[in-house]
Amino acid sequence: MSSPTDGRARLEDLPLRDDLRGLTPYGAPQAPLPVALNVNENTHPVPEEVADDILDSIALALREVNRYPDREFTALREGFADYLGHGLDRDQIWAANGSNEVLQHLLQAFGGPGRRAFGFGPTYSMYPLLTRATGAEYVAGVRDADYTVSADSASAQVADADPDVTFLCAPNNPTGTPMSLDVIDAVYEASRGIVIVDEAYQEFAPRDERSALTLLPGRERLVVSRTMSKAFAFAGARVGYLAADPGVIDALRLVRLPYHLSALTQAAATAALRHAPTMLSMVDEIVAQRDRISATLDALGYTPYESWTNFVLFSGVDDPAATWQGLYDRGVLIRDVGIAHSLRVTAGTADESTAFLEALASL
Ligand code: PMP
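None of these values were measured; they are calculated from a predicted model. (Residues numbered from 1 in each chain as written. Predicted model: local features only at pLDDT ≥ 70, side-chain atom pairs only at ≥ 80, totals over all residues. Heavy atoms only, no water.)

1. Here's the deal with a negative patch on the surface
- Together, Glu-48, Glu-49, Asp-52 and Asp-56 make up a region of like negative charge exposed at the surface.
- Within the fold, Glu-48 resides in helix α1 (residues 48-62). (Patch = residues over 30% accessible without salt bridge, like charges linked within 9 Å, V, L, I, M, F, W, Y side chains within 5 Å. Areas by Shrake-Rupley, 256 points an atom, 1.4 Å probe, with all protein chains shown as cover. Salt bridge = Lys/Arg side-chain N within 4 Å of Asp/Glu carboxyl O. Lys, Arg positive; Asp, Glu negative; His and termini not counted. Charge placed at Lys NZ, Arg CZ, Asp CG, Glu CD. Helix = DSSP H or I, 4+ residues; strand = E, 2+ residues; numbered from the N terminus.)

This is the structure:
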């Protein structure tokens, strides 16, 4: 037995689950740089008048914080149903502390030991982590060179892997790539398991594009997850949600912790939803900055990928680690997502986007 030398036990000396040994935790750097464009946040603060209303709601909720909150977060589910539209009602809505927790609930209910989850890589790095932490096996499928995946390829890969849970990140993080509804439908038809369409960035897609919410009727294994972290500028409040068949929601009640959404979270999110148009008013501005970043990257000789999100993945970077460090030294934090010769940048305010582009041009 080795003993800890710095007052901290080493993981290998602890009776840790065997299947967690050797895993690395999620770890996007959190550095206090003036321009932080690394985790796809909405860098615009919550508008003043909305912040005031949210504060009033939290103040009211605080007066009853001696009691447990509404376990069924009824008002919040009604708020999400209204916001999403498509004829949804609150029985079809679930929410949790960020869509990460929503995905975890899905895996706890439909994944777990002896089961398998699947996603088309490169995709959101939490899918494998959440899958393994809840005891299931993760299988990575592949995309074409431009990060799209065709309906034929997608359905063949899913039929082959035969997953219990399939993640379709649409549009995809970290590449920004859209996924058309015929691919989603083909994957659904090819699988017997739960199909999760992660629409974390859907609000940044072109307005006339249909959401996977339109596919929900008649598809009881289909789940569409969303978050308030991106378009709603609410990442710090930790609120994610999903729409699915009411039976799926019943399954999630089996695994959630009692009262998992605090009264303060419910009050804040319900108030924010009442101001959805104001909360979302920065989306057009962010999309404009995203397109400006892509155009300028192109002019600088890089290769930006098509993006329907609030970020841009670009390739043509000789040494991503050196470029990342050069930007860091100039006060600009972006993300090295581990894709060869590529980096990812979040679209910020006009000033932040300019700071990034000028810093990059100066390297
Ligand atoms: N899905 C995708 C595709 C994401 O990029 C993120 C955040 N980076 C999440 C889910 C989780 O977001 P949150 O937990 O803040 O809702």
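Still more to cover.
2. Remarks on the domain arrangement of the chain
- Each domain of the chain was delimited in the assignment, giving domain 1 (28-44 + 282-362) and domain 2 (48-275).
- Measuring from the centre of the C-alpha atoms in domain 1 to the corresponding centre in domain 2 gives 26 Å.
- Facing the 21 residues of domain 1 at the interface are 24 residues of domain 2.
- Roughly 1800 Å² is buried in total at the junction of domain 1 and domain 2, and carbon and sulfur atoms are behind 63% of that figure.
- The interface formed by domain 1 and domain 2 holds 1 salt bridge in total. (Domains from an automatic or database assignment. Contact = heavy atoms within 4.5 Å. Buried area = accessible area lost by both parts, 1.4 Å probe.)

3. Considering unusual backbone geometry
- The step from Gly-121 to Pro-122 runs through a cis peptide bond, and the omega angle for that step is -5°.
- Between Asn-173 and Pro-174 the backbone carries a cis peptide bond, its omega angle lying at 15°.
- Position of Pro-174 relative to the elements: it lies in the loop between β5 (165-169) and α6 (181-190).
- Despite not being glycine, Arg-238 shows a phi value in the positive range, around 60°.
- In the Ramachandran plot, His-341 falls in the positive-phi region, its phi being about 55° despite a non-glycine side chain.
- Assignment of secondary structure puts His-341 in the loop between β11 (332-333) and β12 (342-346).

4. Overview of the site of the ligand
- Surrounding the ligand, one finds 13 residues, the nearest of these being Ser-99, Asp-198, Tyr-201, Thr-227 and Ser-229.
- Within the contact set of the ligand, an oxygen atom lies 2.8 Å away from a side-chain nitrogen or oxygen of Asn-173.
- Relative to its unbound accessible area of 400 Å², the ligand is 95% covered by the protein chains.
- Placement of the ligand is best described as lying within the largest pocket.
- Among the residues making up the shell around the ligand, the classes are represented as 4 nonpolar, 6 polar and 3 charged. (Near = heavy atom within 4 Å. Polar contact = N/O pair within 3.5 Å; in protein donor to acceptor, adjacent residues only side chain to side chain. 1 Å grid on protein atoms, 1.4 Å probe; cavity = no way out; pocket = protein on both sides within 12 Å on 5 of 7 lines; lining within 4 Å. Sits in = over half its atoms within 2 Å of the grid points. Nonpolar A, V, L, I, M, F, W, Y, C, P; charged D, E, K, R; others polar.)

5. Re helix α4 (residues 126-133)
- Of all 8 residues in α4, 6 are buried, a share of seventy percent or more.
- Those residues of α4 that fall on the buried side of the exposure criterion are Met-126, Tyr-127, Pro-128, Leu-129, Leu-130 and Thr-131.
- On the buried face of α4, the contacting elements are α3 (99-110), β3 (116-121), β4 (137-142), β5 and β6 (194-198).
- Trailing α4 by a residue or two, Gly-135 shows a phi angle of about 95°, which is positive. (Buried < 20%, exposed > 50% of the residue type's maximum accessible area, 1.4 Å probe, protein only.)

6. Quick word on a nonpolar patch on the surface
- Among the surface-exposed residues, Leu-62, Val-65 and Leu-264 lie close enough to one another that they form a single nonpolar patch of about 230 Å² accessible area.
- By the element assignment, Val-65 lies in the loop between α1 and α2 (74-84).

7. A few points about the pairing of β4
- Sheet analysis places β3 next to β4, joined by 6 bridges and oriented parallel. By the bridge assignment, Ala-117 is partnered in β4 with Tyr-138.
- Handedness of the crossover joining β3 and β4 through α4 is recorded here as right-handed. (Pairing = 2+ DSSP bridges. Right-handed = clockwise from strand over helix to strand, strands pointing away.)

8. What about the packing of helix α10 (residues 283-299) against helix α12 (residues 350-362)?
- Packing of α10 against α12 brings their axes to within 10 Å, and their N-to-C directions diverge by 10°. The angle between the axes of α10 and α12 places the two elements in the roughly parallel class. Of the two possible hands of crossing, α10 and α12 adopt the one that is right-handed. Residues Glu-285, Gln-289, Arg-292, Ile-293, Thr-296 and Leu-297 of α10 form the contact with α12, whose own contacting residues are Ala-350, Ser-353, Thr-354, Phe-356, Leu-357 and Leu-360.
- Tallied by class, residues from the contact of α10 with α12 come to 6 nonpolar, 4 polar and 2 charged. (Axes fitted to C-alpha atoms, helices over the stretch in contact; angles between N-to-C directions. Parallel < 35°, antiparallel > 145°, perpendicular 65-115°, else oblique. Left-handed = near helix turned anticlockwise from the far one by under 90°.)

9. Quick word on the sheet that holds strand β10 (residues 311-315)
- Pairing within the open sheet is antiparallel, and its 3 strands lie in the order β9-β10-β12. The open sheet has two edge strands with one neighbour each: β9 (303-304) and β12.
- Looking at chain direction, β9 and β10 are connected through 2 bridges and run antiparallel. Within β10, the position partnered with Thr-303 by the bridge is Ser-315.
- Seen against the sheet, α10 touches β9, β10 and β12 and runs at an angle of roughly 15° to β10.

10. Regarding the packing of aromatic side chains
- In this structure the tally under the stated criterion is 12 aromatic pairs.
- Each ring, one from Tyr-68 and one from Tyr-259, has its centre 4.2 Å from the other, and the planes form 10°; the classification is stacked. Residue Tyr-68 is located in the loop between α1 and α2, and its partner Tyr-259 is located in the loop between α7 (246-253) and α8 (263-274); the two are separated by 191 residues in the primary sequence.
- A relative accessible area of 66% means that Tyr-68 is categorised as exposed.
- Ring centres of Tyr-124 and Tyr-127 lie 5.4 Å apart, and the angle between their planes is 90°; this geometry places the pair in the edge-to-face category.
- Judged by its relative accessible area of 0%, Tyr-127 falls in the buried class.
- Through a chain of ring-to-ring contacts, the aromatic side chains of Tyr-124, Tyr-127 and Phe-167 assemble into a single cluster.
- Above the plane of the ring of Phe-73 lies Arg-77, whose end atom (NZ or CZ) is 5.7 Å from the centre. (Phe/Tyr/Trp six-rings, centres within 6.5 Å; stacked < 30°, edge-to-face > 60°. Lys NZ or Arg CZ within 6 Å of the ring centre and 35° of its normal.)

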